[in-house]
Amino acid sequence: MIVTAAADATALEHLLGSDQVLRDPESLERYRHDDAEWADSTAPLAVVLARCTDDVVTAVRWAAAAGLRVVPRGAGTGLSGGANAMADSIVVSLERMNRVLEVNTDERYAVTEPGVINDALRAAVAEHGLWYPPDPASSAISTIGGNVATNAGGICCVKYGVTRDYVLGLTVVLADGSVVELGRRTAKGVAGYDLTALMVGSEGTLGIVVSVTVKLLPLAGRDERAVIGYFPSLTAAGDAVAAISRAGIIPAALEIVDRTCLRAVDDWMHLGLPADVDTLLLARVDERGAAGDEIAGHVADVFTEAGGTDVERATDPEDIDRLFLARRLAYPALERLGPVLTEDICVPRSAVPEMLRRIQVTADAQDVTIANIAHAGDGNLHPLIIAPEGDDAAKARAKTAFDQIVADCLALGGTVTGEHGVGLLKLPGLRVELGDRVLAMHRSVKHALDPAGTLNPGKAF
């Protein structure tokens, strides 16, 4: 039987202390949802600010005994509703578990708590001459635990891979409150099923990650240069992306930023971005010496042949950082214009031009503004649908556009999410993508690890 909210909060305070349990209306509203405000949410009964593994264990065991649900949360920067609270739930926030526990320079790995900010981990290991490659655009505000939960990608994942490629091991609190150690710290190992990989991307539905062991690369040996090209349309930029793939070039980054995003960022941050271009295509090459120069030259040639103008190569770190900063700031800049419904589709690289064309068709058909940023090098597109605040008709058209973009993505052989996770927003599309038999496999795994449905039920599948 589910206890009352008042009894729930009081019991949690007795177990954990009043400084670790939030129950005031303002706090409950603040932790109600992540950045996916379009997804459904309900104020939780309480918020637990966990400081250690034992706190998470205590909260999970108590919630399971009380018949309540547990919603794990990091920084709340998710864009699919994976951290949205639901009825009869408590939120367990991991933001205070923010220590880098170990950096092993000999074996090149780090052990970190889940609340460590991505950029903070990168800075900590850089002091030891090491590099953690996964770099979501939200790297300055998102946590490693959240990155693990969604298998986050990022700007350089076209060459260096996504979060799962760097997670060696995890400490996880399961639905019954037991704690398990998964994975390894060796360079290789194939003992048993890869349960570490299973947990990465599971969005808190199978366990709560309380420690992460990540492998690292040497920081030295990279010599960054950028190639910049301006294109007359999104489709033309997409043609260049497809051509880069056909040529066998693997840049360290290949990003699209359209004029709506460029203008929004420059109006906000005054970076001196060009105001009269339609689409920016930005590549990064990091091979050293003559090899890097040759690849950058090849990229520049492809850009020009695909219709790019003012194609130029940049080697000044400040210029490169300024342009990539514009890419990272695109989403928060657009949020200033109104509520944003964010897509996260991924299509084959050869289908990028056609998908971008279809997005434009959908924008026109639904009379909505769709801005576009993309990790174009791996086909991961982020159409951002903007609806004016309080305009219910525009919001309805935006939702229709969202569904059409997902349908077009699947028709082109794509997937509904490349890095943000399924959460709540992508559930209908995921069901079409996976089909009944594969969904049944997912449910079997969930039932085996969480038979009572305690952990983040209704999310991810």
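Everything numeric here is computed off the predicted structure, so don't read it as measured data. (Residues numbered from 1 in each chain as written. Predicted model: local features only at pLDDT ≥ 70, side-chain atom pairs only at ≥ 80, totals over all residues. Heavy atoms only, no water.)

Draft legend 1. Highlighting unusual backbone geometry. Despite not being glycine, asparagine 151 has its phi angle at roughly 55°, a positive value. Among the secondary structure elements, asparagine 151 is positioned in the loop between α5 (144-150) and α6 (157-160). Using a relative accessible area of 13% as the deciding quantity, one classes asparagine 151 as buried. (Helix = DSSP H or I, 4+ residues; strand = E, 2+ residues; numbered from the N terminus. Buried < 20%, exposed > 50% of the residue type's maximum accessible area, 1.4 Å probe, protein only.)

Draft legend 2. Geometry of the nonpolar core. Formed by 55 residues in total, the largest nonpolar core has its most connected members in Ile256, Leu281, Val299, Phe303, Met355, Leu381 and Ile385. With residues near it in sequence (within four places) discarded, valine 299 still touches Val227, Ile244, Ile249, Ala283 and Val285. Ile155, Ile228, Val340 and Ala371 belong to the second largest nonpolar core, which has 31 residues in total. (Core = buried A, V, L, I, M, F, W, Y, C linked by side-chain atoms within 4.5 Å. Contact = heavy atoms within 4.5 Å.)

Draft legend 3. Inspection of the sheet that holds strand β1 (residues 21-22) at higher detail. Taken together, four strands build an open sheet; the order of strands is β1-β2-β4-β3 and the sheet is mixed. Two strands close off the open sheet at either side, each with one partner strand: β1 and β3 (69-73). Sheet analysis places β3 next to strand β4 (residues 89-93), joined by five bridges and oriented parallel. Within β4, the residue paired with valine 71 across the bridge is valine 91. (Pairing = 2+ DSSP bridges.)

Draft legend 4. Representation of the state of the cysteines within the structure. The full count for this structure, using the stated rule, is zero disulfides. Sulfur of cysteine 409: no disulfide; nearest cysteine sulfur belongs to cysteine 346 and is 7.6 Å away. (Disulfide = S-S within 2.5 Å.)

Draft legend 5. Examining the side chain of aspartate 450 more closely. With respect to the secondary-structure elements, aspartate 450 resides in the segment after α15 (427-449). Residue class for aspartate 450 comes out buried when judged on its relative accessible area of 2%. There is a polar contact of 2.9 Å between the side chain of aspartate 450 and the backbone nitrogen of threonine 454. Leave out the neighbours within four places in its chain, and aspartate 450 touches Ala175, Thr205 and Leu455. (Polar contact = N/O pair within 3.5 Å; in protein donor to acceptor, adjacent residues only side chain to side chain.)

Note that all results are geometric; they support no functional claim without further evidence.
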